[in-house]
Amino acid sequence: MSAQDSCLSLIKYLLFVFNLFFFVLGSLIFCFGIWILIDKTSFVSFVGLSFMPLQIWSKALAISGILTMGLALLGCVGALKELRCLLGLYFGILLLLFAMQITLGILISTQRTRLERRVKDIVMETIQRYHAHPEESAAEESWDYVQFQLRCCGWNSPRDWFSIPSLSSNESEVHRVPCSCYNSSASNDSAIFEKLSFPQFSRLGPLARPRHSTDLCLVPANSDIYSEGCARSLQKWLHNNLISIVGICLGVGLLELSFMTLSIFLCRNLDQVYDRLARYL
């Protein structure tokens, strides 16, 4: 076997092994997505999360898993069977994904102000419509999750919640905000951490008003809530994690470029292998 044949064989099996790994990874992602859809309670218990907009994440995980499995399968079969059509299709899809990522990065850089304004409009609309339609709560749950994780309240400040009809009370003039605004670490009262009937915010304590038929959890605005708006917290988070985000993006891009290079190299050199096989036959 010549050096060129050995090199092609090495590239073929490298491409196969890498894509086999991503096929297994895609299968796991898909299984997690289906698991969340079928049995949310056991999934939350397994991963140890107390709150998460599971409905959105389950669909995102399932779709991502299917796409990853499909692309990896193209690479596996194309490399192992040395099929130029599959390798060409695999290269084309990777090239399309890479071009989309570059385009997205350019759009985010050049349209940053418009994007920030659009995000603000979406968030303010979500706040204004908070729990107006309990059966359509995916956006509200996602925003609760953002406040819960970034430790913030409202977009500009907690005052964004004060004019929301679903949070107003006829019994008291005290403004109320969602439980995701509550700063449990600011209280020294051990009773705060007693278990609530509402499991998503069980760490918040008795100040949270348990949800009844509509599952609305609220705390008084004059209690220990986060004083900073999520716009500021999000900017801090992006600044603190900028190196990690850029590193992940570069890593994904380099991985895609490596797979594209291997696939196109193998695809272009298969003609020489076929010619030698034809002469032997």
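Since the structure is predicted, the reported quantities are computational estimates derived from the model, not experimental observations. (Residues numbered from 1 in each chain as written. Predicted model: local features only at pLDDT ≥ 70, side-chain atom pairs only at ≥ 80, totals over all residues. Heavy atoms only, no water.)

Asks: Lay out the overall build of the protein in plain terms, naming residues and giving numbers.
Replies: Across its full length, the protein carries 8 helices and 2 strands. Per-residue burial over the protein gives 32% buried out of 281 residues. Accessible area for the protein stands at about 17300 Å²; split by element, carbon and sulfur atoms hold 64% of it. (Helix = DSSP H or I, 4+ residues; strand = E, 2+ residues; numbered from the N terminus. Buried < 20%, exposed > 50% of the residue type's maximum accessible area, 1.4 Å probe, protein only. Areas by Shrake-Rupley, 256 points an atom, 1.4 Å probe, with all protein chains shown as cover.)

Asks: Describe the UniProt feature "transmembrane region" (unreviewed entry) in the protein, and please don't skip the residues or the numbers.
Replies: If you check UniProt for "transmembrane region" (unreviewed entry), the listed places come out as residues 13-38, 86-108 and 242-266 in our numbering. In the segment residues 86-108, helix accounts for 100% and strand for 0%; the C-alpha atoms at its two ends are 33 Å apart. (UniProt positions renumbered as here; feature names shortened; annotations may be inferred.)

Asks: Break down the nonpolar core for me, citing the residues and quoting the values.
Replies: Core analysis: the biggest nonpolar cluster contains 22 residues, and Trp143, Trp161 and Val177 have the highest contact counts within it. Once residues lying within four places of it in the same chain are set aside, the contact partners of Val177 are Cys153, Pro158, Trp161, Phe162, Leu167, Cys217, Leu218, Val219, Ala221 and Ile225. Leu71, Leu74, Ala79 and Met260 belong to the second-largest nonpolar core, a separate cluster that totals 16 residues. (Core = buried A, V, L, I, M, F, W, Y, C linked by side-chain atoms within 4.5 Å. Contact = heavy atoms within 4.5 Å.)

Asks: Explain the layout of surface pockets residue by residue, including any values.
Replies: Empty space among the atoms becomes visible once a probe the size of a water molecule is rolled across them. The volume enclosed by the largest pocket comes to roughly 1400 Å³. As for the largest pocket, its lining consists of 35 residues, and the residues nearest its centre are Ile108, Leu115, Leu238, Leu242 and Ile245. Mapped onto the lining of the largest pocket, the elements with two or more residues apiece are helix 4 (84-110), helix 5 (112-128), helix 6 (138-150), helix 7 (230-240) and helix 8 (242-280). Within the lining of the largest pocket, the residues separate by chemical class into 24 nonpolar, 7 polar and 4 charged. In this structure, the second largest pocket encloses a volume near 600 Å³. As for the second largest pocket, its lining consists of 19 residues, of which Thr68, Leu71, Leu94, Leu97 and Glu256 are closest to the centre. Going through the elements one at a time, helix 1 (3-38), helix 3 (54-81), helix 4 and helix 8 are the ones with two or more residues in the lining of the second largest pocket. (1 Å grid on protein atoms, 1.4 Å probe; cavity = no way out; pocket = protein on both sides within 12 Å on 5 of 7 lines; lining within 4 Å. Points joined across faces, edges and corners; volume = space filled by probe spheres on them. Nonpolar A, V, L, I, M, F, W, Y, C, P; charged D, E, K, R; others polar.)

Asks: Go over the environment of Arg151 with me, naming the residues and quoting the values.
Replies: Structurally, Arg151 can be placed in the loop between helix 6 and strand 1 (176-178). Between the C-alpha atom of Arg151 and that of Gly229, which follows or precedes it by 78 residues, the distance is 8.9 Å. Polar contacts involving the side chain of Arg151 include one to the side chain of Tyr226, which spans 3.1 Å. (Polar contact = N/O pair within 3.5 Å; in protein donor to acceptor, adjacent residues only side chain to side chain.)

Asks: Please provide a residue-by-residue account of the pattern of salt bridges, values included.
Replies: Taken as a whole, this structure holds 4 salt bridges when the rule is applied. Here Glu116 and Arg112 are joined by a salt bridge, their closest N and O atoms 3.2 Å apart. Separated by 4 residues within a single helix, Glu116 and Arg112 lie in helix 5, roughly one turn from each other. Residues Glu125 and Arg129 are paired through a salt bridge, measuring 3.4 Å at the closest nitrogen-oxygen approach. (Salt bridge = Lys/Arg side-chain N within 4 Å of Asp/Glu carboxyl O.)

Asks: Outline the side chain of Ser263, listing residues and values.
Replies: By the secondary structure assignment, Ser263 is in helix 8. Beyond its immediate stretch of four places on either side in the chain, Ser263 contacts Leu15, Leu87, Tyr90 and Phe91.

Asks: Tell me about the state of the cysteines, and please be specific about residues and values.
Replies: A full pass over the atoms with the stated rule returns 2 disulfides. Between the sulfur of Cys152 and that of Cys230 lies a disulfide, 1.9 Å long from S to S. Between Cys152 and Cys230, the S-S torsion sits near 90°, and that sign places the bridge as right-handed. Pair noted here: Cys152 is in the loop between helix 6 and strand 1 and Cys230 is in helix 7, with a separation of 78 residues, a long-range link. Bridging Cys153 to Cys181, the disulfide has an S-S length of 2.2 Å. Across the S-S bond linking Cys153 and Cys181, the dihedral sits near 85°, which makes this disulfide right-handed. Linking Cys153 in the loop between helix 6 and strand 1 with Cys181 in the loop between strand 1 and strand 2 (218-220), this pair joins segments that are 28 residues apart in sequence. Of the two residues, Cys153 and Cys181, neither departs from the other in class, the shared state being buried. (Disulfide = S-S within 2.5 Å.)

Asks: Give me a nonpolar patch on the surface: which residues, what numbers.
Replies: Judged by side-chain polarity, Leu20, Val24, Leu28 and Phe32 come together as a nonpolar surface patch covering roughly 320 Å² of accessible area. In this structure, Leu28 sits in helix 1. (Patch = residues over 30% accessible without salt bridge, like charges linked within 9 Å, V, L, I, M, F, W, Y side chains within 5 Å.)

Asks: Explain helix 6 to me, and be specific about the residues and the numbers.
Replies: Between its terminal C-alpha atoms helix 6 stretches 18 Å, which fits the 18 Å expected from 13 residues at 1.5 Å a residue. Within helix 6, the full set of buried residues consists of Glu140, Trp143, Asp144, Tyr145, Gln147 and Phe148. With its phi angle positive at about 55°, Arg151 sits one or two positions after the end of helix 6. (Expected span 1.5 Å × (residues − 1).)

Asks: Run through the packing of helix 6 against helix 7, naming residues and quoting values.
Replies: Contact pair helix 6 / helix 7: the axes reach a minimum separation of 10 Å and the direction vectors enclose 60°. In the crossing of helix 6 with helix 7, the sense of the turn from one axis to the other is left-handed. Contacts from Trp143, Gln147 and Leu150 of helix 6 reach helix 7 at Cys230, Ser233, Leu234 and Trp237. Along the lines of polarity and charge, the residues of the contact of helix 6 with helix 7 split into 5 nonpolar, 2 polar and no charged. (Axes fitted to C-alpha atoms, helices over the stretch in contact; angles between N-to-C directions. Left-handed = near helix turned anticlockwise from the far one by under 90°.)

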